[in-house]
Amino acid sequence: MRHIIIVGFLVILMAGLTYFGLDSAGLMPAQASTQAVAIDWLWNLQVIAMSFLFALIVVPLFYSLIVFRRKKGDLSDAEHVEGNTSLEIGWTIMPLFTVLAFAYLGAYNLREIRRVDPEAMVIKVRAQQFSWNFEYPDYGGFISNELHLPVGRQVLLKMESRDVIHSFWVPEFRVKQDIVPGRVTELRITPSQIGNYKVRCAELCGAAHYAMERVVVVSEAADFSAWVQEQQIAFAAAQTPEGKGELLAAANGCVGCHSINGAALVGPTWLGLFGSQVNLANGTSVVADESFLTESILDPAAKIVAGFEAASPMPAYSFSQEEVGNLIAYIKTLK
Amino acid sequence: MKQFLSTPLMRGLLWLSAGLLAGIVLVAGIRLAMGLPATGKYLVTEHAWVFGGFVGTMAFLVGHGVMGDWFKWWRGQEMPDHREDPPGWVKYFGPSLDHKVIGIQYTVTGILLLVIGGTFALIFRTELSFEGAQFLKPDQYNTLMSLHGMVMIVSILLGIAGLMNYLIPLLIGAHDMAFPRLNAFSFWIAVPAAVWLILSMPLGGVETGWTGYPPLSVNPNKIGQQMFFLGVFVAGWSSVLGSLNLIATVVRMRAKGMTAFRMPIFVWAAIATSLIALTATQLIGLSFQMVMFQRLFGMGFFDPNKGGNPVLFQHLFWFYSHPAVYVFILPGLGVVSELLPVFVRKPLFGYKWIAMSSLGIALVGFLVWAHHMFTSGMNEYLRVPFMYSTLLVAVPTGVKFFSWVATIWKGKIDLPTPMLFVLGAIVVFLMGGLTGPPNATVSTDLHLHDTYWIVGHFHDTLFGGFVFPFFAALYYWFPKATGRRMNETLGKIHFWLMTPSFLVLSFGMMRIGLLGMRRRIFDYDPELGFQNTHIVLTIAAFLIALSVLIFIINLVNSIRKGDPATGNVWNSRSPEWQAPSPMPAHNYETPFEVVGEPYDYGLPGSKYVQFAKK
């Protein structure tokens, strides 16, 4: 009995210390959405339960190792105790109720973070190997490479992928949702803290998966409106062939693989591409003129550029003739 | 050397190469004759490689001779039930029918793959130490990371099969497994599987992680992906047939008087594991086969453009791959329950409860697979029932922990190396167990899913559930297999080096995972400030590798030079320790009868088994 009292005391002490240690270590990143507040509330309860269970097993274990260790020269067996049915029933029933309670809390918490605001702002998210872009249909449909959100207003992300599975995750917002080709998946977020964050693709999507990140800016409503206006003006100004081409390249993720600064990414760079001599994998070479670029956009496998044989293949795009013309007009400007 | 080159293993590998070549030539020839392109990025097209792989697998089995007796039966020849093995080491490279030889074949191959998979981890771990690209390319990183996962999984499957094959007939008093030839076949089919897994590296590698999710896994430039699927498909046969054999053995061949609740507890764990492996493995084989067919024949099972559904794959895949983690850990937990009473000299507390908890975990384990898919875009209503079912696994797992602690409580505890690893297993598995429920809870999992937290969590469960108990079992039963002891000092160095290093590794992983480190990434954003932690993780990983190296040196040395130990080294009640070591070829000289409870330590005059008089 003496042992049990000592151990009971130590378990409570250990559980308290463990929880205090974990809590003050700052386990989670900044809490930047109302969903994060709800999730962290549940997480904190889980940390308390973890700390207690940790102490409940580890303390009697180490206590036994120290106190009941075999004395030198003692060769006898220990006392013959086979089990105790009421204890076994106890430690089956108690955890059963605990996990049921936690499952109930989990379901309740899930309802909390999925709460729908009918006024939510819709943003269309497009994910592709290995970039993101964001369309704002409520504001004339401009497209941005950065995700800007006003603080305190729920956004409904309608997300599509054009190639493989990606996953939208901003650690500070906590919630995560995969983006599956062939359908639209949705995610609701209510940013609650102004700041700069990043969306990071959380589902392995190929060679440059690690780099599939984009800036997320949460700002005051006024700052957000100013940014929207800027974007709308730029969008209207870009109604030239080059400008449309640039937007198209951003919207389809072209520049995720084809750099515009000369760097070799997954595909050849576009800088200085037009009119240049291109060496192909089959040993021949061609001049990068309109017809070559058109063919490469619509049927990427027709001619592979030397040095890019091993790369992830570019999907075939179905652009209209006008769109291809716009893209080429944009490529022409990159000298 | 010359003797080694003429072993059945080498002959089988020769046949495998010839079969691979023949299959490739056949398909390439047919394609040429049909006017289709026959050459590809890797000499020939994917079809030729895959077909070559199938032919090579068959050729290995025929050339090696493991199916020889079946062919002879087929031709009407009489074969004896048992075949004597050649003396010396040669028998380990041939189709022996002795379950102890097969157990050692499994175990050694498992350790070999453990070393290969661990080396992959060290390479990409080093790459991750510093921000920015170091010496790997992203697709090389992805290949190493994916193969680390799958090679380790095959290594674990072989490791547990090794333990079960060696121990189960001894523990239940059988002279061998129920189907010795099927037993040999189950082991040898795993060898070509390992070959295909490794061959995926030069054929473009694998970029999907071990999960192989389409559409990423249908990238036509990576033939390696196909060899990876083929390897897993073939390895699955080993698992299915091995568990079938084990269940038949336990059901039919127990010693007289060994009722269900008088079986050693490890047998219960082995039964629970085998029930899962026998009934779930088909699903990973099926899901990988469907991706293979999508790649080869354009069947759009998972292609939305053809009416397929990528999420369907995840359901099929996890229907095996979640229960599979219980396949990996249940035998290890069985080892913990088996060894604890020996070293605390007390009965196993609540034997029936522990036995039933293994079955409980196995059964509930079938109903929880979709907790891997909370963010996948599957029907949202499914998430809550899967949260309930997953959290229920905590109940039987808790029963095990509480019963272990109660077993240790007031025992007279000895701490030789096997017991240290048992205690290490309990502590490390506890970490894995405690970090599990937040992943099972939908809302917290939305943050935790696909992060380094998950990586830390499952390394805890697999080290606690497999690696530590595996080492405990090797140190404990090594004298049984060899008649010699492993060096105790080196064993303790192994333990005291590996345990703290591993805890640092897994805590560090979980720490940065919570803060935003994704899993399966080649490089990380410098803004996150994770570099220092990654340096520590790499050092910890190398210390673990060093400790395993010490273990291997100890193992190899002790086979020849270890202290002789022919008797009941651990003063155990278990039947295998009442026989001489190393165990004679056909096990017990006379059959035994079970006359008492298995773990009645401290009950004077009690006996577990009684051997018949000669």
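Small disclaimer: the values here were computed from a predicted structure and weren't measured.

**Regarding the overall build of chain B**
Inference 1: Along the backbone of chain B there are 20 helices and four strands.
Inference 2: Here the C-alpha radius of gyration of chain B, 24 Å, is about what a compact globule of 614 residues would show, namely 25 Å.
Inference 3: In terms of its C-alpha atoms, chain B occupies a principal-axis envelope of roughly 75 × 65 × 45 Å.
Inference 4: Expressed as a percentage of the 614 residues in chain B, the buried residues total 65%.

**Quick word on the packing of aromatic side chains**
Residues and elements named next belong to chain B.
Inference 1: Scanning the model with the defined rule gives 67 aromatic pairs over all chains in all.
Inference 2: Consider the rings of Tyr106 and Phe187, whose centres lie 5.1 Å apart with planes at 80 degrees: the pair is edge-to-face. Here the residue Tyr106 occupies a position in helix α5 (residues 99-128), and Phe187 occupies one in helix α7 (residues 180-188), the gap between them amounting to 81 residues.
Inference 3: Looking at Tyr106, the relative accessible area reads 1%, which means it is buried.
Inference 4: Chaining the aromatic ring pairs together yields one cluster made of Phe421, Phe463, Phe466, Phe468, Phe470, Phe471, Tyr475, Phe495, Trp496, Phe502 and Phe551.
Inference 5: Note that Lys352 overlies the ring of Phe261, its terminal NZ or CZ placed 5.0 Å from the centroid.

**With respect to the pattern of salt bridges**
Any two side chains of opposite charge can pair, on the condition that their charged atoms come close.
Inference 1: Under the counting rule described, the total for this entry stands at 23 salt bridges over all chains.
Inference 2: With its nearest N and O atoms 3.0 Å apart, the salt bridge here joins Arg345 of chain B to Asp77 of chain A. A residue pair is termed interchain when its members come from two chains, as with Arg345 of chain B in the loop between α11 (310-344) and α12 (351-365) and Asp77 of chain A in the loop between α2 (34-67) and α3 (85-113).
Inference 3: On the basis of relative accessibility, which here comes to 6%, the residue Arg345 of chain B falls in the buried class.
Inference 4: According to the relative accessible area criterion, Asp77 of chain A is partly exposed, its value standing at 29%.
Inference 5: For Arg200 of chain A, the salt bridge goes to Glu213 of chain A, with nearest N and O atoms at 2.6 Å. Here Arg200 of chain A, found in strand β9 (residues 195-200), pairs with Glu213 of chain A, found in strand β10 (residues 213-219); they are 13 residues apart in sequence, far enough to count as distant.
Inference 6: Residue Arg200 of chain A is classed as buried on the basis of its relative accessible area, which comes to 5%.
Inference 7: We classify Glu213 of chain A as buried; its relative accessible area is 16%.

**Observations regarding the sheet that holds β10 of chain A**
All names here are of chain A.
Inference 1: Taking strand neighbours across the sheet as the criterion, the three strands line up as β4-β10-β9 in an open arrangement whose pairing is mixed. The two strands at the open ends of the sheet, each matched to only one other strand, are β4 (147-150) and β9. Pairwise comparison of adjacent strand axes, ignoring direction, gives a mean angle of 25 degrees for this sheet.
Inference 2: Where β4 meets β10, four bridges bridge the pair, whose relative direction is parallel. Bridge pairing links Leu147 to Val216 in β10.
Inference 3: Strands in contact with helix α4 (residues 221-237) are β4 and β10; relative to β4, the strand with the most contacts, it is inclined by about 140 degrees.

**Some points on the nonpolar core**
Inference 1: Core analysis: the largest hydrophobic core is formed by 280 residues, its most contacted members being Trp132 and Phe168 of chain A.
Inference 2: Per-element tally for this core: the top contributor is helix α6 (residues 138-172) of chain B, with 21 residues.
Inference 3: Trp270, Val278, Leu293 and Val324 of chain A belong to the second-largest nonpolar core, a separate cluster that totals 21 residues.

**Focus on the pairing of strand β6 (residues 166-169) of chain A**
All names here are of chain A.
Inference 1: Burial along β6 is two-sided: the residues His166 and Phe168 and Ser167 and Trp169 are all buried.
Inference 2: The pairing of β6 with strand β7 (residues 176-179) spans four bridges and is antiparallel. Across the sheet, the residue bridging to Trp169 is Lys176, located in β7.
Inference 3: Between β6 and β7, which pair antiparallel in sequence order, lie six residues; one of them, Arg174, sits at a positive phi of approximately 75 degrees.

**Some points on the side chain of His148 of chain A**
Residues and elements named next belong to chain A.
Inference 1: Inspection of the secondary structure assignment puts His148 in strand β4.
Inference 2: Side chain to side chain, His148 and Trp227 meet in a polar contact 3.4 Å long.
Inference 3: Ignoring anything within four residues of it in the chain, the contact list for His148 reads Ile123, Tyr136, Val217, Phe224 and Trp227.

**Let's talk about the interface of chain B and chain A**
Inference 1: Taken together, the contact between chain B and chain A spans 92 residues of the former and 90 residues of the latter.
Inference 2: When chain B packs against chain A, the two sides together hide about 7,800 Å² of surface, and 66% of this comes from carbon and sulfur.
Inference 3: Between the two partners, chain B and chain A, sit eight salt bridges.
Inference 4: Between Glu527 of chain B and Lys198 of chain A there is a salt bridge, and its shortest N-O distance comes to 3.3 Å.
Inference 5: Where chain B packs against chain A, one counts 34 residue pairs in polar contact (both at pLDDT 80 or more).
Inference 6: Within the residue set of the side of chain B that touches chain A, elements represented by two or more residues are α6, α11, α13 (383-392), α14 (394-408), α15 (417-434), α16 (437-440), α17 (442-448) and α19 (488-515) of chain B.
Inference 7: The class makeup of the residues in the side of chain B that touches chain A is 50 nonpolar, 23 polar and 19 charged.

**Observations concerning the sheet that holds strand β5 (residues 155-161) of chain A**
Residue and element names in this part refer to chain A.
Inference 1: On the basis of which strands lie adjacent, the open sheet formed by five strands has the order β3-β2-β1-β5-β8 and mixed pairing. Looking along the sheet, the strands with just one partner apiece sit at the ends: β3 (142-144) and β8 (185-189). Looking at each pair of strands side by side, their axes are set apart by 25 degrees on average, direction ignored.
Inference 2: Alignment of strand β1 (residues 121-128) against β5, held across seven bridges, turns out to be parallel. What sits directly across from Val122, in β5, is Leu156.
Inference 3: Set on the sheet, α4 makes contact with β1, β2 (131-136) and β3; between it and β3 the angle comes to about 110 degrees.

**Focus: the domain arrangement of chain A**
All names here are of chain A.
Inference 1: Domain boundaries in chain A define domain 1 (1-19 + 29-60 + 100-115), domain 2 (121-235) and domain 3 (241-332).
Inference 2: One C-alpha centre belongs to domain 2, the other to domain 3, and the line joining them spans 26 Å.
Inference 3: Taken together, the contact pairs eleven residues of domain 2 with nine residues of domain 3.
Inference 4: Both sides of the domain 2 and domain 3 interface together cover about 910 Å² of buried area, and 58% of this is carbon and sulfur.
Inference 5: For the side of domain 2 that touches domain 3, the elements supplying multiple residues, two or more each, are β1 and β2.
Inference 6: Across the side of domain 2 that touches domain 3, the residue classes tally to four nonpolar, five polar and two charged.

**A few points about α14 of chain B**
All names here are of chain B.
Inference 1: With 15 residues, α14 should reach 21 Å at 1.5 Å per residue; the first-to-last C-alpha distance of 21 Å fits that figure.
Inference 2: Within α14, 14 of the 15 residues are buried, which leaves it mostly tucked inside the rest of the structure.
Inference 3: After α14 finishes, the residue Lys410 shows a positive phi value of roughly 60 degrees.

**Some remarks on the domain arrangement of chain B**
Residue and element names in this part refer to chain B.
Inference 1: Per the domain assignment, the segments of chain B are domain 1 (11-70) and domain 2 (98-611).
Inference 2: Contact with domain 1, which involves 21 residues of that partner, is made by 25 residues of domain 2.
Inference 3: Summed over both sides, the interface between domain 1 and domain 2 buries roughly 2,100 Å², with carbon and sulfur atoms accounting for 79% of that surface.
Inference 4: For the interface between domain 1 and domain 2, the tally reads two salt bridges.
Inference 5: As a salt-bridge pair, Arg181 and Asp69 come within 2.8 Å of each other at their nearest N and O atoms.
Inference 6: The tally of links from domain 1 across to domain 2 stands at six residue pairs in polar contact (both at pLDDT 80 or more).
Inference 7: Listed by contribution, the elements that provide at least two residues to the side of domain 1 that touches domain 2 are α2 (8-33), α3 (46-64) and α4 (68-74).
Inference 8: Among the elements that make up the side of domain 1 that touches domain 2, the one with the highest residue count is α3 (eleven residues).
Inference 9: Classifying every residue of the side of domain 1 that touches domain 2 gives 13 nonpolar, five polar and three charged.

Cut-offs and rules
- Residues numbered from 1 in each chain as written.
- Chains lettered and ligands numbered in written order.
- Predicted model: local features only at pLDDT ≥ 70, side-chain atom pairs only at ≥ 80, totals over all residues.
- Heavy atoms only, no water.
- Helix = DSSP H or I, 4+ residues; strand = E, 2+ residues; numbered from the N terminus.
- Rg over C-alpha atoms; globule rule 2.2 N^0.38 Å.
- Buried < 20%, exposed > 50% of the residue type's maximum accessible area, 1.4 Å probe, protein only.
- Phe/Tyr/Trp six-rings, centres within 6.5 Å; stacked < 30°, edge-to-face > 60°.
- Lys NZ or Arg CZ within 6 Å of the ring centre and 35° of its normal.
- Salt bridge = Lys/Arg side-chain N within 4 Å of Asp/Glu carboxyl O.
- Pairing = 2+ DSSP bridges.
- Axes fitted to C-alpha atoms, helices over the stretch in contact; angles between N-to-C directions.
- Contact = heavy atoms within 4.5 Å.
- Core = buried A, V, L, I, M, F, W, Y, C linked by side-chain atoms within 4.5 Å.
- Polar contact = N/O pair within 3.5 Å; in protein donor to acceptor, adjacent residues only side chain to side chain.
- Buried area = accessible area lost by both parts, 1.4 Å probe.
- Nonpolar A, V, L, I, M, F, W, Y, C, P; charged D, E, K, R; others polar.
- Domains from an automatic or database assignment.
- Expected span 1.5 Å × (residues − 1).

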